[in-house]
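Each chain is listed here by its residues.
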Amino acid sequence: MANEYLKKIKRFRILVMGRANAGKTTILQRVCNSTDKPEIFDGNGNKIESDIVQGTLTRGYHDIQNELVFQSNPGFVFHDSCGFEAGSTQQFDQMKQFVADHAVTTRVNKRIHAIWFCIPMTDSHRTVTAAEQKFFNECDTGHVPVIVLVTKVDALYLTAIRELLDGGLTIAEAKAKATEKQGELLDKWLGHIKHELEMCKFPPKGYVSLQKMHQVDGNCTLLMECTANVLNEEGLQRLFISTQQSSIGICIKYAVNR
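Reading the values: the criteria
- Residues numbered from 1 in each chain as written.
- Predicted model: local features only at pLDDT ≥ 70, side-chain atom pairs only at ≥ 80, totals over all residues.
- Heavy atoms only, no water.
- pLDDT = per-residue confidence, 0-100.
- Contact = heavy atoms within 4.5 Å.
- Axes fitted to C-alpha atoms, helices over the stretch in contact; angles between N-to-C directions.
- Helix = DSSP H or I, 4+ residues; strand = E, 2+ residues; numbered from the N terminus.
- Parallel < 35°, antiparallel > 145°, perpendicular 65-115°, else oblique.
- Left-handed = near helix turned anticlockwise from the far one by under 90°.
- Nonpolar A, V, L, I, M, F, W, Y, C, P; charged D, E, K, R; others polar.
- Expected span 1.5 Å × (residues − 1).
- Bend = angle between axes of the 7 residues up to and from the residue.
- Buried < 20%, exposed > 50% of the residue type's maximum accessible area, 1.4 Å probe, protein only.
- Arc of directions from axis to C-beta.
- Disulfide = S-S within 2.5 Å.
- Salt bridge = Lys/Arg side-chain N within 4 Å of Asp/Glu carboxyl O.
- Core = buried A, V, L, I, M, F, W, Y, C linked by side-chain atoms within 4.5 Å.
- Polar contact = N/O pair within 3.5 Å; in protein donor to acceptor, adjacent residues only side chain to side chain.
- Pairing = 2+ DSSP bridges.
- Right-handed = clockwise from strand over helix to strand, strands pointing away.

1. Things to note about the confidence of the model for the chain
Low-confidence regions, as indicated by low pLDDT, have predicted coordinates that should not be scrutinised in detail. In this model, the chain carries an average pLDDT of 85, and 84% of its residues clear a pLDDT of 70 or more. Here residues 55–61 is modelled with pLDDT under 50, and outside its nearest four sequence neighbours on either side it reaches two contacts, counting other chains as well.

2. With respect to the packing of helix H8 (residues 221–230) against helix H9 (residues 234–243)
The N-to-C vectors of H8 and H9 enclose an angle of 165°; their axes lie 8 Å apart at closest approach. Between H8 and H9, the angle is such that the two are roughly antiparallel. In the packing of H8 onto H9, the handedness of the crossing is right-handed. Residues Met224, Thr227, Ala228 and Asn229 of H8 pack against Gln237, Phe240 and Ile241 of H9. For the contact of H8 with H9, a count of residues per class yields four nonpolar, three polar and no charged.

3. With respect to helix H7 (residues 171–198)
A rise of 1.5 Å per residue sets the reference length of H7, with its 28 residues, at 40 Å; its end C-alpha atoms lie 38 Å apart and thus fit the reference within 8%. Considering bend angle alone, the principal kink of H7 is centred on alanine 178 and spans about 50°. Taken together, the buried positions of H7 are Ala174, Ala178, Gln182, Leu185, Leu186, Trp189, Leu190, Ile193, Glu196 and Leu197. Close packing links the buried residues of H7 with strand E6 (114–120), helix H5 (130–138), strand E7 (146–151), helix H6 (155–166) and strand E8 (206–209).

4. Remarks on H5
Taken together, the buried positions of H5 are Ala131, Glu132, Phe135 and Phe136. Projected onto a plane normal to the axis of H5, the buried residues spread over an arc of 120° and lie on a single side. Against the buried residues of H5 lie strand E1 (12–18), helix H4 (89–104), E6, E7 and H7.

5. Digging into the environment of lysine 181
You can see lysine 181 is positioned in helix H7. Overall, the relative accessible area of 22% leaves lysine 181 in the partly exposed class. Residues lysine 181 and threonine 159 lie 22 residues apart in sequence; the distance between their C-alpha atoms is 9.0 Å. Residues in contact with lysine 181, not counting those within four places in the same chain, are Ala160, Glu163 and Leu164.

6. Here's the deal with the state of the cysteines
This structure, assessed with the given rule, holds zero disulfides. This cysteine, cysteine 220, is not joined by any disulfide, and cysteine 32 carries the nearest cysteine sulfur, 8.8 Å off.

7. Section: the pattern of salt bridges
Note on pairing: side chains with opposite charge can pair once their charged atoms come close. Throughout the structure, instances matching the rule amount to ten salt bridges. One salt bridge connects glutamate 67 with arginine 11, and the closest N-O pair in it is separated by 3.8 Å. Here glutamate 67, found in strand E4 (residues 67–69), pairs with arginine 11, found in the loop between helix H1 (2–7) and E1; they are 56 residues apart in sequence, far enough to count as distant. A relative accessible area of 3% means that glutamate 67 is categorised as buried. Since its relative accessible area comes to 30%, arginine 11 is described here as partly exposed. Between lysine 181 and glutamate 163 there is a salt bridge, and its shortest N-O distance comes to 3.5 Å. Pair noted here: lysine 181 is in helix H7 and glutamate 163 is in helix H6, with a separation of 18 residues, a long-range link. Overlapping salt bridges, with partners in common, bring together Arg11, Arg13, Glu67 and Lys110 in one network.

8. Quick word on the nonpolar core
Val31, Phe78, Trp116 and Leu223 are the most contacted members of the largest nonpolar core, which totals 35 residues. If you list the elements that add at least two residues to this core, you get E1, helix H2 (24–31), strand E5 (76–80), E6, E7, H8 and H9. Here the element with the most residues in this core is H8; it accounts for five residues. Setting aside anything within four residues of it in sequence, one finds phenylalanine 78 in contact with Ile14, Val16, Leu28, Val31, Cys32, Asn66, Glu67, Leu68, Phe70 and Trp116. Among the nonpolar cores identified, the runner-up in size contains 32 residues, and Met95, Ala103, Ile112 and Leu185 belong to it.

9. A closer look at the side chain of threonine 243
Its location among the elements puts threonine 243 in helix H9. At 2.7 Å, the side chain of threonine 243 and the backbone oxygen of leucine 239 are in polar contact. In this structure threonine 243 touches Asn73, Gly75 and Phe76, once residues within four positions along its chain are discounted.

10. A few points about the pairing of E6
Counted residue by residue, E6 has seven buried out of seven residues, so it is predominantly covered. Side chains of E6 alternate between two faces, with Ala114, Trp116, Cys118 and Pro120 and Ile115, Phe117 and Ile119 buried alike. By the bridge criterion, five bridges tie E1 to E6 in an arrangement that is parallel. Paired with leucine 15 across the strands is isoleucine 115, a residue of E6. Across six bridges, E6 lies against E7 in parallel orientation. Bridge pairing in E7 links tryptophan 116 to isoleucine 147. With H5 bridging E6 and the parallel E7, this β-α-β connection has right-handed handedness.

Quick look at the structure:
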């Protein structure tokens, strides 16, 4: 019965969450090996013209039901949840209802299979806010795994430079030690994020830090591996691995381990 259900799933569906300017679209472009913007469809599969989408965004309207699809890899369908850090109860409730509906819907091709929750290091002083705590304490995603994506890690490089200069180093000395210091800062903030979220009622299933996503050749292999590893059904794991185009190595690794 389970195998029959999995055979009906044609595309892998992911909900992408996080505050504004967390680098979500850029990550999706890297995942789908694209530099183009995604095409957007409504919940019934009708394409929405880009000028209409832009107009609604300008007016502050955002529809989580819309499907984002890249022509370079139409096997992925993404839903983008606008940030609810401003404290909007309505936005949070809409997101929560969407997760509840799409985690268990009988329309198998509308089910979400994973959630990527982005936390940017451009706001490293506020990595886990009330919004993150509210989501991980109140939103039961059931069998749908949530992965925290620590994004825009490159922003920590300038923070590292500043701290080294404040410590008395010259600019040349600071640049020589900046990469190592950046790594220390990342470990510090990732440890803080894990500590805070693991105390929540519904903690994430995995954590991934992403760097250089603004580069066309940015590597998201770690994200692909983490997502594949937390999927709790072999059929879904197989669908995800066959859909992703970021790493041939993952396909080989999975084939060897079967």
